Amino acid sequence: MKYQVTIIGSGPGGYVAAIRCAQLGMKTAIIEKYNTLGGTCLNVGCIPSKALLDSTHHFHDAEHTFKEHGIDIPKPKANLTQMIARKADVVKQNTAGIDYLMKKNKIDVFHGMGSFLDSTTIQIDGKKKETITAENVIIATGSKPANLPFIKLDKERIITSTEALALKEIPKHMIVIGGGVIGVELGSVYARLGAKVSVVEFLDNLIPNMDTTMGKELKKSLSGIGFEHYLGHKVTAVDRRGKNVTVTAENKKGENVELKGDYCLVSIGRRPYTDKLGLDKAGVQVDDKGRVEVDAHLRTNVPNVYAIGDVVKGAMLAHKAEEEGVLVAEQLAGQKPHINYDLIPGVVYTWPEVASVGSTEEQLKKQDRAYKVGKFPFKALGRARASMDTEGLVKILADKQTDEILGIHIIGARAADMIAAGVTAMEYRASAEDVSRISHAHPTYMEAVKEACLDAAEGRAIHS
Ligand code: FAD
Ligand code: NAI
């Protein structure tokens, strides 16, 4: 078979690229090595983790806030088997949705391992061996969990996020290596169910890629649900004996800490996945981190081969992969699309949620940029008091002279959904004053953004 475009990998990068190519009239094929479409995000990433976060959030509320709301129920019991089964069902609905979209857009789906024979010929090693040719190829093969050389991932007790999404029992003590996004999200799932969670993080802050204030605030909230933090600690050994795991870490003074638990989640980042892809046969280059090297148009060094998503540089986020899929498809159709990489929001689905767009205060300091800060705490918000979600704050960073918003950082209830308004404001280069003069419905969480903008623009909020 001959295609105008063939995409290898069906995650949010690959399947969105396929749909956009088909919408633009290209004869399109997609290759996926697993039986279900949707990649990491739908199968073992965004969707299942959010399903478990939602179930455990309900459980936590039932245990801790229902009484004060005036709902008297017997002490709730966590049924992890049912939570995992519901999660599996949510995944199934979502991956089935992608099957439907492929059919609707007349995209040919091949299941099997795709590998280059040359830059236009792809072999598919599935139930049978097939070969297809393509004028253009988009590599969208995503990423896999990274590991440290001295850790043996047995996937039973020393696990990655994939296994943590399908545990059969609630850990008594889960030791999490890496206080990034996966560590705090999946740590929250089990802490809410009663596990003790110890996070060992190499750097001095949780979620260190975000504005430091966010990590500091999140640490306070997570301490409240049973997290212990070992920040500034470097893991030096992980050892399993039967059902017990011992993690040894060294602090900055060179002292050793030994943590004993029953599960150890390794969440120290992800690596680009290009195993068995035959990049050498196509002549496609990778960089020093193993990522497929691309230019600003997401073209590799081979003219008809493109790459998108986690397998290339940039944030490893589903919505970034999606934008890149659209960009390549539209370029192939002769259009001139653009992605504003500075305005890709980042969200952490803990409770409170954390969401952010634009520059952090640390980045502005490094750039020597004159800036001002506006803040507003959730506890001063009527909406937050009504729902008893008073933890968190909004932090706005704006240019000192022009008042243009340079960064929006929110930790608080529903931050994940609120950040979209911030992205829109920044895309249109709004000033803090612009946002502070827009009418925001009352009572809403978004009023905290308006107030923080007022604080940044004029040094005054109304309600604090
Ligand atoms: P992937 O989704 O990894 O898809 C790549 C696909 O390619 C896979 O299905 C793989 O099997 C297939 N493949 C690889 N090689 C071959 C081959 N040779 N032949 C055929 N098929 C192949 N991001 C967010 O934005 N929000 C979140 O809430 C979020 N939560 C996450 C939670 C967890 C636990 C994890 C692990 C990740 C999360 N992410 C989240 C990150 C998100 O999942 C990734 O950024 C996103 O999936 C990347 O999309 P992609 O299309 O580049 O690759
Ligand atoms: P991460 O990059 O977010 O965090 C990894 C953490 O591990 C960092 O804080 C790092 O300093 C620490 N670390 C590295 N080596 C260490 C060591 N030897 N000892 C102790 N700590 C060490 O990576 P994570 O959490 O594994 O997630 C992978 C990717 O998946 C992320 O890039 C993220 O973008 C994506 N993801 C996104 C989510 C979201 O958008 N809500 C949710 C989950 C994952």
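Our subject is the structure that appears above.
Source: prediction; values computed, not measured.

## Overview of the side chain of H233
Okay, so step 1: Tracing the sequence through the fold places H233 in the loop between strand 11 (227-231) and strand 12 (234-241).
Okay, so step 2: Polar side-chain contacts of H233 include one of 2.8 Å to the backbone oxygen of L231.
Okay, so step 3: When sequence neighbours within four positions are dropped, the list of residues in contact with H233 reads V200, E201, F202, A249, E250, N251 and V257.

## What about the sheet that holds strand 12?
Okay, so step 1: Judged by pairing direction, the sheet is antiparallel, and its three strands sit side by side in the order 12-13-14 without closing on themselves. Edge positions in the sheet fall to strand 12 and strand 14 (256-261), since each of these pairs with one other strand and no more. Each neighbouring strand pair of the sheet contributes to a mean axis angle of 20°, computed without reference to strand direction.
Okay, so step 2: Pairing of strand 13 (residues 244-250) with strand 14 involves six bridges; the strand directions are antiparallel. For V245, the partnering residue across the bridge sits in strand 14 and is G261.

## A look at the layout of surface pockets
Okay, so step 1: For the second largest pocket, the calculated volume is near 590 Å³.
Okay, so step 2: Around the second largest pocket, the lining is made up of 27 residues, and of these H60, D61, T65, W351 and D389 lie nearest the centre.
Okay, so step 3: Element by element, the count of residues in the lining of the second largest pocket is highest for helix 3 (residues 46-64), at five residues.
Okay, so step 4: Taken together, the residues of the lining of the second largest pocket sort by class into eight nonpolar, eleven polar and eight charged.

## Digging into the packing of helix 3 against helix 5 (residues 80-104)
Okay, so step 1: Between helix 3 and helix 5, the shortest axis-to-axis distance is 9 Å and the interhelical angle comes to 140°. Judged on the interaxial angle alone, helix 5 and helix 3 are oblique. Crossing of helix 3 against helix 5: the hand is right-handed. Residues I47, P48, A51, L52, D54, S55, T56 and F59 of helix 3 touch helix 5, and the partners they reach there are M83, I84, R86, K87, V90, V91 and N94.
Okay, so step 2: Broken down by class, the residue content of the contact of helix 3 with helix 5 amounts to nine nonpolar, three polar and three charged.

## Some thoughts on the sheet that holds strand 11
Okay, so step 1: What the five strands build is an open sheet, ordered 8-15-9-10-11; its pairing is parallel. Looking at strand neighbours, the two that pair on one side only are strand 8 (158-159) and strand 11, the edges of this open sheet.
Okay, so step 2: The sheet contact formed by strand 9 (residues 173-177) and strand 15 (residues 263-266) spans four bridges and is parallel. What sits directly across from I175, in strand 15, is C264.
Okay, so step 3: Its contacts with the sheet place helix 7 (residues 181-192) against strand 9, strand 10 (196-201), strand 11 and strand 15, and it is angled at close to 150° to strand 11.

Calculation criteria
Residues numbered from 1 in each chain as written. Chains lettered and ligands numbered in written order. Predicted model: local features only at pLDDT ≥ 70, side-chain atom pairs only at ≥ 80, totals over all residues. Heavy atoms only, no water. Helix = DSSP H or I, 4+ residues; strand = E, 2+ residues; numbered from the N terminus. Polar contact = N/O pair within 3.5 Å; in protein donor to acceptor, adjacent residues only side chain to side chain. Contact = heavy atoms within 4.5 Å. Pairing = 2+ DSSP bridges. Axes fitted to C-alpha atoms, helices over the stretch in contact; angles between N-to-C directions. 1 Å grid on protein atoms, 1.4 Å probe; cavity = no way out; pocket = protein on both sides within 12 Å on 5 of 7 lines; lining within 4 Å. Points joined across faces, edges and corners; volume = space filled by probe spheres on them. Nonpolar A, V, L, I, M, F, W, Y, C, P; charged D, E, K, R; others polar. Parallel < 35°, antiparallel > 145°, perpendicular 65-115°, else oblique. Left-handed = near helix turned anticlockwise from the far one by under 90°.

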